[in-house]
Amino acid sequence: MASVATTFTTFGTAARAGSLDPIGETWGTTANAQSIDASRASYNAPGPERPWIGYTFFLTASQVSSLVPAGSVIDGIKVSVTKRKSASSGVWVDSAVFLIKGGTILTAVNKASATAYTTTDVTETYGGAADKWGQAWTPAEINGAGFGVAYSASVSGPNLTDVPEIDAITVEVSYTL
C-alpha cells in the first residue's frame, strides 16, 4: 500500500441548512486553510448575533494538488484539520466533517469529533488508511475538481468573543497500485 499526502488548492464556503448564519456570515479568507502557517480562515461573525448556539456554514476544500496514479485501488482517506478558537469564551467543537464526491457533500458519514477547541492550534485527524468513509472511490474521483472536504463547527454555552479558526485542511489518500 502506498499513499499520497496532499493539500487542496480551492477553498470556499457553502450554505448549511439550519446553521447559525441567519444573515449570511461565512468563513473569511478561506484560502488561508491551505497550509499550516498561522494564517487562518476565520468564521466571520459580527457581534450583534452573539451569543450563538448552533453551527457554522461549511468551509470547503477541494481539488487536490498531488494526484493518485490511474489504475490504483483506493484503500482509505485520512483528513487532517488544524484548528483553534480565537478566544476562551465559547465551547467550540466539530459539527460536521464530510467528504465531497463529484461536487456533492456526502452527509451519510460524519467524522466530527466532540473534542473541544483550545486557543492554540491542534491538528485532528479523521478517517484513515483503511477507511473509505462508506464509499467506493476511483483515482478519477479523487483527482477531480469535485473531491474535497466540507467542515463545520458548532458552539454551545456563552460565546461573546470567539470564533473558530482553521489553519489547514489536508488529506492523505492510501491506495494500492
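Residues numbered from 1 in each chain as written. Predicted model: local features only at pLDDT ≥ 70, side-chain atom pairs only at ≥ 80, totals over all residues. Heavy atoms only, no water.

*Asks:* Please explain the overall build of the chain as it appears in this structure.
*Replies:* A count of helical and extended segments in the chain gives 1 helix and 11 strands. In the chain, the succession of helices and strands from N to C terminus is β-β-β-β-β-β-β-β-β-α-β-β. Intrachain contacts of the chain at a sequence separation of at least 6 include 83% that bridge at least 24 residues. As displayed, the chain offers around 7300 Å² of accessible surface, 56% of which is attributable to carbon and sulfur atoms. (Helix = DSSP H or I, 4+ residues; strand = E, 2+ residues; numbered from the N terminus. Contact = heavy atoms within 4.5 Å. Areas by Shrake-Rupley, 256 points an atom, 1.4 Å probe, with all protein chains shown as cover.)

*Asks:* What exactly am I supposed to notice about the packing of aromatic side chains here?
*Replies:* Working definition: an aromatic ring pair is given by the centre-to-centre distance plus the angle between the planes. Scanning the model with the defined rule gives 4 aromatic pairs in all. Ring centres 5.4 Å apart and planes at 85° place the aromatic pair Trp137 and Phe147 in the edge-to-face group. A residue pair is termed long-range when its members are at least 10 positions apart, and Trp137 in the loop between β9 (122-128) and α1 (139-143) and Phe147 in the loop between α1 and β10 (148-156) qualify at 10 residues. By the burial criterion, Trp137 is buried, and Phe147 matches it. Within the aromatic cluster, the residues linked to one another by ring pairs are Phe8, Trp137 and Phe147. (Phe/Tyr/Trp six-rings, centres within 6.5 Å; stacked < 30°, edge-to-face > 60°. Buried < 20%, exposed > 50% of the residue type's maximum accessible area, 1.4 Å probe, protein only.)

*Asks:* In this structure, what is going on with the pattern of salt bridges? I would like to understand it.
*Replies:* When the charged atoms of two side chains with opposite charge come close together, those side chains can pair. For the structure shown, the criterion picks out 7 salt bridges. For Asp94, the salt bridge goes to Lys83, with nearest N and O atoms at 2.7 Å. One end of the pair, Asp94, is in strand β7 (residues 91-101); the other, Lys83, is in strand β6 (residues 73-85), and 11 residues separate them in sequence. Comparing Asp94 with Lys83, the two get one shared label, buried. Here Arg84 ties to Glu165 by a salt bridge, and the two come within 2.5 Å at their closest N and O atoms. One end of the pair, Arg84, is in strand β6; the other, Glu165, is in strand β11 (residues 164-176), and 81 residues separate them in sequence. Of the residues examined, Arg84 reaches a relative accessible area of 21% and is grouped as partly exposed. Among the residues examined, Glu165 registers a relative accessible area of 10% and is labelled buried. A single salt-bridge network, built from bridges that share partners, covers Lys83, Asp94 and Glu124. (Salt bridge = Lys/Arg side-chain N within 4 Å of Asp/Glu carboxyl O.)

*Asks:* What am I meant to see in the nonpolar core here?
*Replies:* Nonpolar side chains in soluble globular proteins generally cluster together in the buried interior. Within the largest apolar cluster, 36 residues are counted, with the highest numbers of intra-cluster contacts made by Phe8, Ile77, Val79, Phe147, Tyr151 and Ile169. Counting residues per element, the ones that place at least two in this core are β1 (2-14), β3 (41-43), β5 (58-64), β6, β7, β10 and β11. Counting residues per element, this core draws most heavily on β11, which supplies 5 residues. Leave out the neighbours within four places in its chain, and Val79 touches Leu99, Glu124, Thr125, Tyr126, Trp133, Val149, Ile169, Thr170 and Val171. Residues Ala96, Phe98, Ile100 and Ala150 belong to the second largest nonpolar core, which totals 5 residues. (Core = buried A, V, L, I, M, F, W, Y, C linked by side-chain atoms within 4.5 Å.)

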